[in-house]
Amino acid sequence: MLAHRMRRLRGGRAHYSLLALDHGLTFGRSGNSVPLPLNPLLDQCRHHIGAIVVTYGVGRTLDSWPHNLALVLQCFGGLEGRTRCQVASLEQAVLLDAAAVSVQINWSDSDFGARLREICTFTADSHSIGMPVLFMVGGESTTSDLPRTIRVCQEMGADLIKVNCSIDKFACVTDDVKSSIREGPPVLMAGGAVRDDIFELARNAVQLGIAGYCIGRNIFNSNNPSTVAAQLEMIFSRTTEGAQT
């Protein structure tokens, strides 16, 4: 069942193309959060993405959405600057027919150690019902940090890992970084705040072997979301079939 749900997330692609729409939990009603209702945005992007990441409250607003899109339920999060904690359950994920669940992690969170057992227990419970877990690693980092990040998340049971290496734009191409990406769970590129060089970031990520993206603001806050999603689709379609899980 877990492998089946991982395939659902790809939507028939060799790479992962996730549209992150869970920012309202962090930022509230602001320019950083996707406008509601979601259906107009999903109709625009449906042909270029495989899945959406939403909170339970937003997921409940979706009476229907394009049948080709899988859903990832954000289960750990919190307000900006606050401790990440559990905000949704596996029962809610099943209710929404989710293909996966996600957890937000911030290494700099002073309470991260206290959350460690909770996250690992939640991950084990998810796997017991065949539900993949996406680890979203917060905070700025560099490409050279990836081996440690990937290994720690793998030890905690992650099936997918979203990372933010916008400082150096995934430019640190070393054998150690490449092997850690190749040997660990699929790694996804985060977009972060809206930036002019998002496509350069994506091209560098592909060269490193990154398996896809999980991007929100750079798509839904752009002047033409479908064009951005289509361009990212073109860039990541170069991912080889061997990258499939």
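Residues numbered from 1 in each chain as written. Predicted model: local features only at pLDDT ≥ 70, side-chain atom pairs only at ≥ 80, totals over all residues. Heavy atoms only, no water.

Colleague: Outline unusual backbone geometry, listing residues and values.
Modeller: The omega torsion across Leu36 and Pro37 is 0 degrees, close enough to zero to call that bond cis. In this fold, Pro37 is placed in the loop between helix H2 (24-27) and helix H3 (39-45). Even without a glycine there, the phi angle at Asp97 is positive, about 55 degrees. Turning to its location among the elements, Asp97 is positioned in the loop between helix H5 (90-95) and strand E5 (100-106). Despite not being glycine, Lys169 has its phi angle at roughly 60 degrees, a positive value. For Lys169, the location among the structural elements is in the loop between strand E7 (160-163) and helix H8 (175-183). (Helix = DSSP H or I, 4+ residues; strand = E, 2+ residues; numbered from the N terminus.)

Colleague: Got a sec to walk through the confidence of the model for the protein? Specific residues and values, please.
Modeller: Within the protein, residue pLDDT values average 92, and 97% of them lie at 70 or more. Low confidence marks residues 240-245, where pLDDT is under 50. Its contacts with residues over four positions away, or in another chain, come to 10 contacts. (pLDDT = per-residue confidence, 0-100. Contact = heavy atoms within 4.5 Å.)

Colleague: Describe the pairing of strand E2 (residues 51-54), with residues and values.
Modeller: For a regular strand, the rule is simple: side chains alternate between the two faces of the sheet. Alternating positions in E2 separate into two faces, Ala51 and Val53 on one and Ile52 and Val54 on the other, with burial throughout. Pairing geometry for strand E1 (residues 16-20) and E2, over 3 bridges, is parallel. Bridge assignment links Leu19 to a residue of E2, and that residue is Ile52. Across 4 bridges, E2 lies against strand E3 (residues 70-77) in parallel orientation. (Buried < 20%, exposed > 50% of the residue type's maximum accessible area, 1.4 Å probe, protein only. Pairing = 2+ DSSP bridges.)

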